[in-house]
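Report on the structure
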Amino acid sequence: MTSGLEDEEFFRERGFGLTLGFGKRPAVIVVDLINAFTKPDLPLGCELETQIESTNKLLDAAHQVRVPIIFSTVAYDGDDLEDGGLWPLKHKGSATLRAGTELVEVDPKIHRDRSDMLLVKKYASCFFGTDLSSRLTSRQIDTVIITGCSTSGCVRATAIDAIQGGFRPMVVREAVGDRSVAAHDQSLFDLRAKYADVVSLDDTLRYLQAMAHP
């Protein structure tokens, strides 16, 4: 095993971290930027103002070129959260994710348009147990631009399922966040090495803006 600054060179020498690159038909997936996660005083919340600002810049650019945008939320209908299976047993904060409440709604600071889609999920990945793959495939999407939270949880799970499903995952560094800086940094390192491209906000904006002038 390696540690510290040795990791980057070790993985590079072994051929990890190759670049997938943006495809031709993107969609934006905004993972769980809902009130339960964006309010730092709540059990599942953390400080995400910078990530919201970066996400809004991406959304504005995507709206201009009519790129599909899909927001996700986590919401449970059962009184005992039984529709979440075993996952809610791992953290008490799941009790705040009640369907029909304000906490499972997209944060109002987000630049959400009426044409944007909403995906309700029960688990970490936006793909698991949902029709996301069908929505993307029917639109011939080959690239998913991922923002939201948390980097080590739902963002990571979504990116891994994306590449396993044949979609190019582009995780926007400035637009994803986590409750833990250590978990955030390690997850970005691991995603970049094995599962996704970790891309800058500026590069992603240039990619979207170029779609207006093919």
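See the structure above.
Attention here is on the structure that accompanies the text. (Residues numbered from 1 in each chain as written. Predicted model: local features only at pLDDT ≥ 70, side-chain atom pairs only at ≥ 80, totals over all residues. Heavy atoms only, no water.)

A packed helix pair is summarised by two numbers, namely the angle formed by the two axes and the spacing between the axes. Two elements in contact, helix α3 (residues 49-64) and helix α7 (residues 201-210), have axes whose closest approach is 9 Å; the angle formed by their N-to-C orientations is 10 degrees. Here α3 is positioned roughly parallel relative to α7, judged by the angle of their axes. Contacts between α3 and α7 pair Ser54, Lys57, Leu58, Ala61 and Ala62 from the former with Leu201, Thr204, Leu205 and Leu208 from the latter. Broken down by class, the residue content of the contact of α3 with α7 amounts to six nonpolar, two polar and one charged. (Axes fitted to C-alpha atoms, helices over the stretch in contact; angles between N-to-C directions. Helix = DSSP H or I, 4+ residues; strand = E, 2+ residues; numbered from the N terminus. Parallel < 35°, antiparallel > 145°, perpendicular 65-115°, else oblique. Contact = heavy atoms within 4.5 Å. Nonpolar A, V, L, I, M, F, W, Y, C, P; charged D, E, K, R; others polar.)

For strand β5 (residues 168-177), the buried fraction is high: seven of the 10 residues fall into the buried class. Where strand β4 (residues 143-149) meets β5, six bridges bridge the pair, whose relative direction is parallel. What sits directly across from Ile146, in β5, is Val171. Once the chain exits β4 it traverses helix α5 (residues 151-164) before rejoining the sheet at β5, and the crossover so formed is right-handed. As paired strands, β5 and strand β6 (residues 197-199) are joined by three bridges and run parallel to one another. When the sheet's bridge partners are listed, Met170 is paired in β6 with Asp197. Between the parallel elements β5 and β6, the chain passes through helix α6 (residues 181-194) in a crossover that is right-handed. (Buried < 20%, exposed > 50% of the residue type's maximum accessible area, 1.4 Å probe, protein only. Pairing = 2+ DSSP bridges. Right-handed = clockwise from strand over helix to strand, strands pointing away.)

All chains considered together, the criterion is met by 11 salt bridges. A salt bridge links Glu49 to Lys109; its shortest N-O distance comes to 3.7 Å. On the criterion of sequence distance, the pair formed by Glu49 in helix α3 and Lys109 in the loop between β2 (69-74) and β3 (117-121) is long-range, its members being 60 residues apart. According to the relative accessible area criterion, Glu49 is partly exposed, its value standing at 38%. The partner of Asp83 in a salt bridge is Lys122, with the nearest N and O atoms 2.8 Å apart. Placement of the pair is Asp83 in the loop between β2 and β3 and Lys122 in the loop between β3 and α4 (132-138), with a sequence separation of 39 residues. (Salt bridge = Lys/Arg side-chain N within 4 Å of Asp/Glu carboxyl O.)

So, about the sheet that holds β6. In any sheet, the strands associate via hydrogen bonds between backbone groups, in a parallel or an antiparallel arrangement. The parallel open sheet is built from six strands, whose spatial order is β3-β2-β1-β4-β5-β6. Looking at the sheet topology across the chains shown, the edges are occupied by β3 and β6. Averaged over all adjacent pairs, the angle separating strand axes in this sheet is 25 degrees, with direction ignored. Where strand β1 (residues 26-31) and β4 come together, six bridges link them in parallel fashion. Across the sheet, the residue bridging to Ala27 is Val144, located in β4. Sheet strands in contact with α3 are β1, β2, β4 and β5, and its direction is about 135 degrees off that of β5. Relative to β4, α5 is tilted by about 170 degrees, and along the sheet it contacts β1, β3, β4 and β5.

Quick look at the pairing of β2 now. Both faces of the sheet carry side chains from a regular strand, because those side chains alternate between them. Summarising burial for β2: six of the six residues are buried, a large majority. Across three bridges, the pairing between β1 and β2 is parallel. Bridge pairing links Ile29 to Ile70 in β2.

What follows concerns the nonpolar core. With 35 residues, the main nonpolar core has Val28, Leu97 and Leu208 as its most contacted residues. Among the secondary structure elements, those contributing two or more residues to this core are β1, α2 (35-38), α3, β2, β4, β5 and α7. With five residues, α3 is the single largest residue contributor to this core. Contacts of Leu97, omitting those with residues within four sequence positions, involve Ile34, Ala36, Phe37, Leu44, Val74, Ala75, Tyr76 and Val104. Core analysis: the next-biggest nonpolar cluster, separate from the first, contains 27 residues, Met117, Leu119, Val155 and Val176 among them. (Core = buried A, V, L, I, M, F, W, Y, C linked by side-chain atoms within 4.5 Å.)

Any functional reading would require information beyond the geometric quantities listed.
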